[in-house]
Amino acid sequence: MPHLIRLENVTIGYEEKGLLQTTDLAIERGQFWGILGPNGSGKSTLLKTILGLISPVEGAIEYEDGAVFGYVPQNESFDQIYPVSVFELVSMGRYSRVPPGKRLTADDRAVIEDSIDKVGIAHLSERTFRSLSGGEKQRSLLARAIAGEPDILVLDEPTAAVDIKGEAQIMSLVKSIKQESGLSVLMVSHFLNTISAFSDHIILIDKDNGFFQAGEKSAILKSESLSAFFGLNLDMERIKEMQAIERLT
Amino acid sequence: MATFAEFINSYFLWRDPMIVGAVTGAVCGFLGVYVALRRIVFVSAALTQISSFGVGLAFYLEAYSLGLFASLFDPFTLSIVLTCIAALFFALKRDFSRVSTEGVIAFGFLLASGAVVIIGDRITKGAHDIANIIFGSAVVVDPIDVIIIPAVALAVFIIHLVFYKDFVFVSFDTDTARLFKYPVRLLNTGLLITIALVVAVATRALGALPVFALLALPALTSLVITENLKLVFIFSIVIGILSAILGYFFSFILSLPTGASMTVCAAIFFLIALGWRELRAG
């Protein structure tokens, strides 16, 4: 299976100061990768390194030729002073296929409108992005990410600023987009339940403890991995039993 | 105080400065939207002062018989060169060790401002021109400005028409622009260079104060009155033009300093917009 992204001997960090040595990993088409870690664990640094926004301190990252990214950054990364409409915001996602100096074609506009429709915010198209609620903003950013018809959807804490209902809606959207388009997903979260419910591959990261594990969900969500990661004595079999009892009662 | 009829009859006096003022108001109003949105108002203040310094330095070189320099660098050229160098510096230099970017911009602004005053104090010939450059005269303009300023403005508008989506994109979301392999640094530099060019040519004609005001206030006013990005650009152009034209008109009628009059007009538009907004909200 072709690799969309491959990390080899990568150390993440800033300005040549290494924060964490990662293990080699490859993200393939159709996979759903979750990056899990506490606040300040280096999740976003890893994500930005994978995206090429930060250079790795050591090692190399290889990308499949012509791979297109759809990126959902954290909500608060946008300056609220910009009176950008939802349509204008979503249009920017299409710029991955429209080089500088070129304008959007009628076909591009159709894809943008279709992306807005898909996430159910057609009625908000003319509203300014800054005036939307947290959930509506996430939907707009999701529409923007898919407007570029990406090979891989990258989400940085997509459910951080929404309530439980909003989280369920956003994750349901991500799941249906993945199933429909067959794209890969790479998502950062600090919620174990979200990551374990949707991912098939997981990265556990905590730079403060020099902890990094990556692999298939079944291999990562084991008592010893999670105990080492959370610094607790966790028994996954016991947890599953208790969840089953809770469901029955 | 002059009458409106006298103003109309003096058409031959105000035609050129009015053209220069209106064109400057339009192009500064447009570029000012980027200045306001990117929160680099202080950069435009520094650029206008550095442009003034360029003009002052040329007068100084000429006054002290440095004929070689004077022939090589006339005020116009020196102003453009220094302003563009400063713009390049602000666009390309990101790491200033322990000094914040704002601190470095403030340093550039204050150094250029102080140097202009010192140069003005050292030379007699041209001292009046330097005062005009700092505070703005625009009562009369050099005939060549009637050609140069519209030509520069036209070139800037064409560049911004072609790269409109790209300038907005890199200003709003640098990370995604970089992810999409957009030449972010080149676009940022291009944007600042267009601002520097306009500042350099307009400061010599109108003065630093009104050029700074026209870069800052019409855009801030437009951001107050509309929620539509394209309309922000259009309103800012219109308010820039109106500020320049009304400023010149009132300076003629009331015998006010022209640059200051344009500045106050732009400020009044801003106050009206704030008031209107408050009324609507209340």
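Residues numbered from 1 in each chain as written. Chains lettered and ligands numbered in written order. Predicted model: local features only at pLDDT ≥ 70, side-chain atom pairs only at ≥ 80, totals over all residues. Heavy atoms only, no water.

### With respect to the overall build of chain A
As a reminder, the rule being used: Only runs of H or I of at least four residues qualify as helices and only runs of E of at least two qualify as strands under DSSP, and these elements are numbered from the N terminus. As defined in this context, the radius of gyration uses C-alpha atoms, and a globule is described by 2.2 Å times the residue total to the power 0.38. When accessible area is computed with a 1.4 Å probe and restricted to protein chains, residues below 20% of their type maximum are described as buried, those above 50% as exposed, and intermediate ones as partly exposed. By definition in these notes, contact holds between two residues if any of their heavy atoms fall within 4.5 Å. Each accessible area is a Shrake-Rupley result for a 1.4 Å probe, and residues are judged covered by the shown protein chains and nothing else. His is not counted here, nor are the chain ends, while Lys and Arg score as positive and Asp and Glu score as negative. For this purpose, a charge sits on NZ of Lys, CZ of Arg, CG of Asp or CD of Glu.
For chain A, the helix and strand inventory stands at nine helices and ten strands. Taking 18 Å as the expected radius of gyration for a compact globule of 249 residues, we find that chain A reaches 19 Å, a close match to that expectation. Once the C-alpha set of chain A is aligned to its principal axes, its extents read approximately 55 × 50 × 40 Å. Of all 249 residues assigned to chain A, the portion counted as buried reaches 51%. Contacts in chain A between residues far apart in sequence, at least 24 positions, make up 69% of those at least 6 positions apart. Working note: accessible area of chain A is about 11600 Å², and carbon and sulfur atoms make up 48% of it. For chain A, the centre of its 25 positive side-chain charges and the centre of its 35 negative side-chain charges are spaced 4 Å apart.

### Some thoughts on the overall build of chain B
Scanning chain B from terminus to terminus reveals 14 helices and zero strands. Secondary structure elements in chain B, listed N-terminal to C-terminal, are α-α-α-α-α-α-α-α-α-α-α-α-α-α. Residues classed as buried in chain B amount to 52% of the 282 residues present. Sequence-distant contacts, at least 24 apart, represent 77% of the contacts inside chain B between residues at least 6 apart.

### A few points about the environment of Lys 217 of chain A
Residues and elements named next belong to chain A. Test applied: Side-chain atoms alone can form a polar contact between residues adjacent in sequence; in general such a contact is a pair of N or O atoms within 3.5 Å, and within protein one must be able to donate a hydrogen while the other accepts it.
Counting through the fold element by element, Lys 217 comes out in helix α7 (residues 217-220). A residue is classified by how much of its surface remains accessible, and Lys 217, at 25% relative accessible area, is partly exposed. When the C-alpha atoms of Lys 217 and Gln 21 are compared, they prove to be 21 Å apart, with 196 residues separating the residues in sequence. Beyond its immediate stretch of four places on either side in the chain, Lys 217 contacts Ser 196, Ser 199, Asp 200, His 201 and Ile 202. One polar contact links the side chain of Lys 217 to the main-chain carbonyl oxygen of Ser 199, over a distance of 3.2 Å.

### Examining the environment of Leu 141 of chain A
Residues and elements named next belong to chain A. Within the element layout of this structure, Leu 141 appears in helix α4 (residues 134-147). When the C-alpha positions of Leu 141 and Tyr 71 are compared, they lie 8.1 Å apart, and in sequence the two are 70 residues distant. In this structure Leu 141 touches Val 72, Pro 73, Asn 75, Phe 78, Leu 89 and Phe 129, once residues within four positions along its chain are discounted.

### Comments concerning α4 of chain A
Here is the rule we go by: Helix span, as expected, comes to 1.5 Å for every residue beyond the first.
With 14 residues, α4 of chain A should cover 20 Å at 1.5 Å per step; its first-to-last C-alpha distance of 20 Å lies within 8% of that length. Of all the positions in α4 of chain A, only Lys 137, Gln 138, Arg 139, Ser 140, Leu 141, Leu 142, Ala 143, Arg 144, Ala 145, Ile 146 and Ala 147 of chain A are classed as buried. Buried residues in α4 of chain A make contact with β6 (69-72), α2 (86-94), α3 (106-118), β7 (152-156) and α5 (164-181) of chain A together with α10 (174-179) of chain B. Looking one or two residues beyond α4 of chain A, the residue adopting positive phi is Glu 149 of chain A, at roughly 45°.

### Comments concerning the packing of aromatic side chains
Under the convention used in this document: Here is the rule: rings of Phe, Tyr and Trp (six-membered ring for Trp) pair when centre to centre is within 6.5 Å. Planes less than 30 degrees apart are stacked, more than 60 are edge-to-face, and the remainder are tilted. Either the NZ atom of lysine or the CZ atom of arginine qualifies as a charge over a ring when it sits within 6 Å of the ring centre and within 35 degrees of the ring normal.
Counted under the stated rule, the structure contains 24 aromatic pairs over all chains. Sitting over the ring of Phe 129 of chain A, Lys 137 of chain A keeps its end group 5.7 Å from the ring centre. Residue placement shows Lys 165 of chain B over the ring face of Tyr 95 of chain A; its charged tip is 5.1 Å from the ring centre.

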